[in-house]
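Survey of secondary and tertiary structure
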Amino acid sequence: VGKSPGRPRLIDPDGEAALLAALQRNPRDLEYPFTRWTVSTLAEHLYRTVHIRVHPETVRRTLKRLDYRYKRPKLSLKHKQKKAAVRRARHERDALLKKRPAPLIVLHSSSPTSASSTSTPVLLACGA
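Quick summary incoming for the structure in this document. (Residues numbered from 1 in each chain as written. Predicted model: local features only at pLDDT ≥ 70, side-chain atom pairs only at ≥ 80, totals over all residues. Heavy atoms only, no water.)

**Digging into the overall build of the protein**
Tallying secondary structure elements over the protein gives four helices and two strands in all. Reading the secondary structure of the protein in the N-to-C direction produces α-α-α-α-β-β. Expressed as a percentage of its 128 residues, the buried residues of the protein come to 16%. Residue pairs in contact within the protein that sit at least 24 positions apart in sequence constitute 39% of those at least 6 positions apart. Of the roughly 11,200 Å² of accessible surface on the protein, a fraction of 55% belongs to carbon and sulfur atoms. (Helix = DSSP H or I, 4+ residues; strand = E, 2+ residues; numbered from the N terminus. Buried < 20%, exposed > 50% of the residue type's maximum accessible area, 1.4 Å probe, protein only. Contact = heavy atoms within 4.5 Å. Areas by Shrake-Rupley, 256 points an atom, 1.4 Å probe, with all protein chains shown as cover.)

**Structural notes on the pattern of salt bridges**
Summed over the entire model, instances satisfying the criterion amount to five salt bridges. As a salt-bridge pair, Glu-44 and Arg-53 come within 3.7 Å of each other at their nearest N and O atoms. A residue is classified by how much of its surface remains accessible, and Glu-44, at 30% relative accessible area, is partly exposed. Arg-53 gets classed as exposed once you look at its relative accessible area, which sits at 56%. The partner of Arg-60 in a salt bridge is Glu-57, with the nearest N and O atoms 2.5 Å apart. Of this pair, Arg-60 and Glu-57 both sit in helix 3 (residues 56-65), three residues apart, which is roughly one turn of the helix. Within this structure, Glu-44, Arg-48 and Arg-53 form a network of salt bridges that share partners. (Salt bridge = Lys/Arg side-chain N within 4 Å of Asp/Glu carboxyl O.)

Next comes the structure, spelled out in structure tokens:
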């Protein structure tokens, strides 16, 4: 008695082939109005090409199974920034983020049970 095969995959081998073929091409070449694939647009592409309607999460799981990783592109303007200005801004940010010690408030309290009138200082930390 073997292991139960479980539920069949929603994206069959033809769908996987269409998905892999789409990943090798620019969406503009396929007459889409965008330049980067997302799991949502890949799900729509699967429906248009092989008539498989699936949720974008199913596409993401399929990509993971096929050893693809879906990440959003990290857009950077680093090439347009002046190094000295970036260094100064980081220094200012770091100075603002440094933890400062909490101020201490000294309270003098005299105990009514005490015969003497001396007070005992009590230190309280505020804003910790």
